[in-house]
Amino acid sequence: MENTCIWPHKDYIDVNQLTPELANYLMDLAEQFRQVNNRQVKKVPTLRGRSVVLFFSEDSTRTRTSFDMAGKRLSCDTFALGKSGSSLNKGESLKDTALTLQAMNPDVIVIRHSSSGAPKFLADRLGCSIINAGDGWHGHPTQALLDLFTLRRRWNGEFKDKELLIVGDIAHSRVARSNVDLLTMMGVKVHIFGPSTLMPAGVETWPVTVHKKFKEALEGKDAIMCLRLQQERMRGGLLPDLSEYSNTFCLTPELLRLAKPGCLVMHPGPIMRGMDLSAEIADSVESTILEQVNAGVATRMALLMALCTRNGQEISE
Ligand code: NCD
């Protein structure tokens, strides 16, 4: 695999570090890794000898597993550390835990943390590369990359004039924030719809169209991204009644018929069947949910490779 790395950043903290050129560079690289992932031997020697720490102080299934697989398929050594089982539970500060990890000379620390800004805090202090795997409500920039990769494949690289609707708990969603910024940058028109109590403060400054009615919001859409209610981040009183929520905001086959024929249905997972989207939709041909999971490994391989080979080094297999 020949590649001249154009990636310029030590860290990947926020989608605002990307340009369309950089995003396409990562997507092209991810496409090559997708093919590696379909082989019987799913491993390349590209990053042999590199060390990646997976530091997840919040729960994760997809993101942590796919980073672990991505590292291993590039021949990196990966080391997982969670909040329970680490000295964060004994009161050690984030800075001291991070300095401790850095003293073991990792090349990359992938961090998920409940505080917005935790990855940036580490990136400013540590010499190794930091990847944001989700920080509080702020951002989930690798989710946005894998969603972009999924759409790029489904839309044959055409983003202009495409319209995507994000539905649900926008206020607490780092996935929504990162996707709005990246998809808008790539030329997609983004729309949002959800309960008024779950709209983010300052939404009028977002580059999106905010809808008040589901049926109107669905008209003419090429893709719908459903989100989970992030009840673990909610203060009381935002949603008086969950069954009323699902009656109004759950995507059903009847509602989906109002969007464009062939409209894609996305979800970052974990999905709540019957709450965010109906079980029929989750299992339908329009659903890209498992494609997104599949894309997660390839895009994270691309990102790890970009960070580890930046400064224009030639890498060849
Ligand atoms: C999301 C997250 O953690 O922000 N999940 C994920 O990484 N795929 C969304 C969620 O938890 O609802």
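Sequence positions are assigned chain by chain, starting from 1 and proceeding in written order. Local features in this predicted model are restricted to residues of pLDDT 70 or higher, and side-chain atom pairs are both shown and tallied only at a pLDDT of 80 or more, whereas totals for entire chains, interfaces and linings draw on every residue. Hydrogens are left out, water is left out, and the side-chain values use all remaining heavy atoms of the structure.

**So, the site of the ligand**
Now for step 1: In the region of the ligand, the neighbouring residues are Arg62, Thr63, Arg112, His140, Gln143, Arg174, Val175, Arg228, Gln230, Pro268, Gly269 and Pro270.
Now for step 2: Any pair of nitrogen or oxygen atoms within 3.5 Å is treated as a polar contact; in protein, a donor-acceptor pairing is required on top of that, and neighbouring residues in sequence qualify only through side-chain atoms on both sides. Between the ligand and Arg112 there is a distance of 3.0 Å, counted from an oxygen atom to a side-chain nitrogen or oxygen.
Now for step 3: Separating an oxygen atom of the ligand from a side-chain N or O atom of His140 is a distance of 2.8 Å.
Now for step 4: All accessibility values rest on the Shrake-Rupley procedure with a 1.4 Å probe; residue burial counts only the protein chains present in the view. Here the ligand, which alone exposes 320 Å², has 93% of that area covered by the protein.
Now for step 5: Taken together, the elements giving at least two residues each to the shell around the ligand come down to helix H2 (62-73) and helix H6 (174-185).
Now for step 6: Of the residues contributing to the shell around the ligand, the split by class is 3 nonpolar, 5 polar and 4 charged.
Now for step 7: Counting contributing residues per domain, the shell around the ligand is built from domain 1 (2-139 + 295-316) and domain 2 (141-292), each supplying no fewer than three. Any residue with a heavy atom positioned within 4 Å of a molecule or strand is treated as near that molecule or strand. In DSSP terms, a helix is any run of H or I states spanning at least four residues, a strand is any run of E spanning at least two, and both are numbered starting from the N terminus. We call Asp, Glu, Lys and Arg charged. Ala, Val, Leu, Ile, Met, Phe, Trp, Tyr, Cys and Pro are nonpolar, and the rest, Gly among them, are polar. Where each domain starts and ends follows an automatic or database-derived domain assignment.

**Considerations on the sheet that holds strand E10 (residues 264-266)**
Now for step 1: Strand pairing is defined by DSSP finding a minimum of two bridges between the two strands. The parallel open sheet is built from 5 strands, whose spatial order is E8-E7-E6-E9-E10. Two strands close off the open sheet at either side, each with one partner strand: strand E8 (209-211) and E10. Neighbouring strand axes in the sheet, compared pairwise and without regard to direction, differ in orientation by 25° on average.
Now for step 2: By the bridge criterion, 5 bridges tie strand E6 (residues 163-167) to strand E7 (residues 189-193) in an arrangement that is parallel. Considered in E7, the bridge of Leu165 is made with His191.
Now for step 3: When checking whether two residues touch, look at their non-hydrogen atoms; a contact exists if any pair is within 4.5 Å. Structural elements are reduced to axes, namely lines fitted to C-alpha atoms, with helices fitted over the stretch in contact, and the angle between N-to-C directions of any two is expressed from 0 to 180 degrees. On top of the sheet, helix H5 (residues 141-154) reaches E6, strand E9 (223-226) and E10; it is set at about 165° to E10, its chief contact.

**What about the pairing of E9?**
Now for step 1: We call a residue buried when its accessible area falls under 20% of the maximum for its residue type, exposed when it is over 50%, and partly exposed in between, using a 1.4 Å probe and counting protein chains only. The alternating pattern of E9 places Ala223 and Met225 on one face and Ile224 and Cys226 on the opposite face, and all of these are buried.
Now for step 2: The sheet contact formed by E6 and E9 spans 4 bridges and is parallel. Looking at E9, one finds that Leu165 is bridged to Ile224.
Now for step 3: Pairing of E9 with E10, which is carried by 3 bridges, proceeds in the parallel orientation. From the neighbouring strand, Ile224 faces E10, where its bridge partner is Val265.

**Description of the domain arrangement of the protein chain**
When the parts of a complex come together, some accessible area is lost, and that lost area is often taken as the interface size.
Now for step 1: Domain annotation of the protein chain identifies domain 1 (2-139 + 295-316) and domain 2 (141-292).
Now for step 2: Between the C-alpha centres of domain 1 and domain 2 there is a distance of 26 Å.
Now for step 3: Domain 1 puts 33 residues into the contact, and the matching count from domain 2 is 27 residues.
Now for step 4: When two parts are brought into contact, each loses some accessible area as probed by a 1.4 Å sphere; the total of that loss over both is the buried area. Of the roughly 2,500 Å² buried between domain 1 and domain 2 on both sides combined, carbon and sulfur atoms contribute 62%.
Now for step 5: If you sort the residues of domain 1 by the area they bury against domain 2, Val15, Met27 and Trp137 come out on top, with a joint share of 28%.
Now for step 6: Definition used for salt bridges: Asp or Glu carboxyl oxygen within 4 Å of a side-chain nitrogen of Lys or Arg. Across the contact surface, domain 1 and domain 2 share 4 salt bridges.
Now for step 7: Summed over the shared surface of domain 1 and domain 2, the result is 12 residue pairs in polar contact (both at pLDDT 80 or more).
Now for step 8: Of all the elements in the fold, those that place two or more residues in the side of domain 1 that touches domain 2 are helix H1 (20-37), H2, strand E4 (108-113), strand E5 (129-135) and helix H11 (289-308).
Now for step 9: In terms of residue class, the side of domain 1 that touches domain 2 is made up of 14 nonpolar, 10 polar and 9 charged.

**Description of the nonpolar core**
Now for step 1: The nonpolar core is taken to be a set of buried Ala, Val, Leu, Ile, Met, Phe, Trp, Tyr and Cys residues, with the residues joined through side-chain atoms within 4.5 Å. The biggest cluster of nonpolar side chains holds 67 residues, and the ones touching the most others in it are Trp7, Phe33, Leu164 and Ile166.
Now for step 2: It is H11 that provides the largest number of residues to this core, a total of 11 residues.
Now for step 3: Both of domain 1 (2-139 + 295-316) and domain 2 (141-292) provide at least three residues apiece to this core.
Now for step 4: One finds Ala217, Phe249, Ala259 and Ala282 within the second-largest nonpolar core, a separate group that totals 25 residues.

**Examining the sheet that holds strand E3 (residues 77-82)**
Now for step 1: If you walk across this open sheet you meet the 4 strands as E3-E2-E4-E5, and the pairing is parallel. Both edges of this open sheet fall to E3 and E5, since each of them pairs with a single strand only. Along the sheet, successive strands turn relative to each other by an average axial angle of 15°, direction set aside.

**Notes on the layout of surface pockets**
Now for step 1: What the largest pocket holds in volume is close to 450 Å³.
Now for step 2: Asp59, Arg112, Arg174, Arg228 and Pro270 are, among the 21 residues lining the largest pocket, the residues nearest its centre.
Now for step 3: Contributing elements (two or more residues each) for the lining of the largest pocket: H2 and H6.
Now for step 4: Taken together, the residues of the lining of the largest pocket break down into 4 nonpolar, 9 polar and 8 charged.
Now for step 5: For the lining of the largest pocket, the two domains that each supply at least three residues are domain 1 (2-139 + 295-316) and domain 2 (141-292). Here a cavity means grid points, on a 1 Å grid over the protein atoms only, where a 1.4 Å probe fits yet cannot get out; a pocket means an open set of points with protein on both sides within 12 Å along at least five of seven lines; lining residues are those with an atom within 4 Å of a point. Grid points are joined across faces, edges and corners, and a volume is the space filled by probe spheres set on the points.

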